[in-house]
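# Commentary on secondary and tertiary structure
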Amino acid sequence: MFVCSCNAIREIEAGTAIKTGARNWVQVHAHLGHAPCCGKCASELTEMISLAEPKSPTETALLMAAS
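Residues numbered from 1 in each chain as written. Predicted model: local features only at pLDDT ≥ 70, side-chain atom pairs only at ≥ 80, totals over all residues. Heavy atoms only, no water.

On to unusual backbone geometry. Even without a glycine there, the phi angle at A8 is positive, about 55°. Looking at where A8 falls in the secondary structure, it is placed in the loop between β1 (2–4) and β2 (9–10). For A8, a relative accessible area of 43% corresponds to the partly exposed category. (Helix = DSSP H or I, 4+ residues; strand = E, 2+ residues; numbered from the N terminus. Buried < 20%, exposed > 50% of the residue type's maximum accessible area, 1.4 Å probe, protein only.)

With that settled, consider helix α3 (residues 42–52). Listed in full, the buried residues belonging to α3 are A42, L45, M48 and I49. Projected onto a plane normal to the axis of α3, the buried residues spread over an arc of 130° and lie on a single side. Residues S43 and L51 are exposed on α3 and point more than 90 degrees away from its buried face. Along its buried surface, α3 packs onto β1, α1 (11–19) and α2 (25–31). (Arc of directions from axis to C-beta. Contact = heavy atoms within 4.5 Å.)

So, about the side chain of N7. Looking at where N7 falls in the secondary structure, it is placed in the loop between β1 and β2. In this structure, N7 is in contact with H29, H34, A35, P36 and C37, ignoring residues within four places of it in sequence.

Counting residues in each nonpolar core, the largest one holds twelve residues, listed as V3, C4, I9, A14, A17, I18, A22, V28, C41, L45, M48 and I49. Put simply, the parts of the chain that give this core at least two residues each are β1, α1 and α3. In contact with A22, other than residues within four places in its own chain, are A17, Q27, V28 and I49. (Core = buried A, V, L, I, M, F, W, Y, C linked by side-chain atoms within 4.5 Å.)

Turning to the state of the cysteines, a few remarks are in order. Such a bond, covalent and formed between the sulfur atoms of two cysteines, is termed a disulfide. Tallying each qualifying case throughout the model produces zero disulfides. Cysteine C4 is unpaired, with the sulfur of C41 as its nearest cysteine sulfur at 4.0 Å. The cysteine C37 is free of any disulfide, with C6 supplying the nearest cysteine sulfur at 4.6 Å. On the basis of relative accessibility, which here comes to 56%, the residue C37 falls in the exposed class. (Disulfide = S-S within 2.5 Å.)

Moving on, we get to the environment of E11. In this structure, E11 sits in helix α1. For the pair formed by E11 and E44, sequence separation is 33 residues and the distance between their alpha carbons is 9.7 Å. Aside from chain neighbours lying at most four places away, what touches E11 is M1, V3 and M48.

Right, here's the structure in full:
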């Protein structure tokens, strides 16, 4: 699935960029050799980044308690 139509960035490619250190949506583009265009992918890439970030022990406990 594409997360960025302008630059044809697929979800798997974005995931790889995030795993190797991209910490914002602009860095995901840079990691893949692109520049952001319209910005429609910003929210989805930002969400992918936030889901991939390690959680603090407190946040982990709260998430586990909520499930």
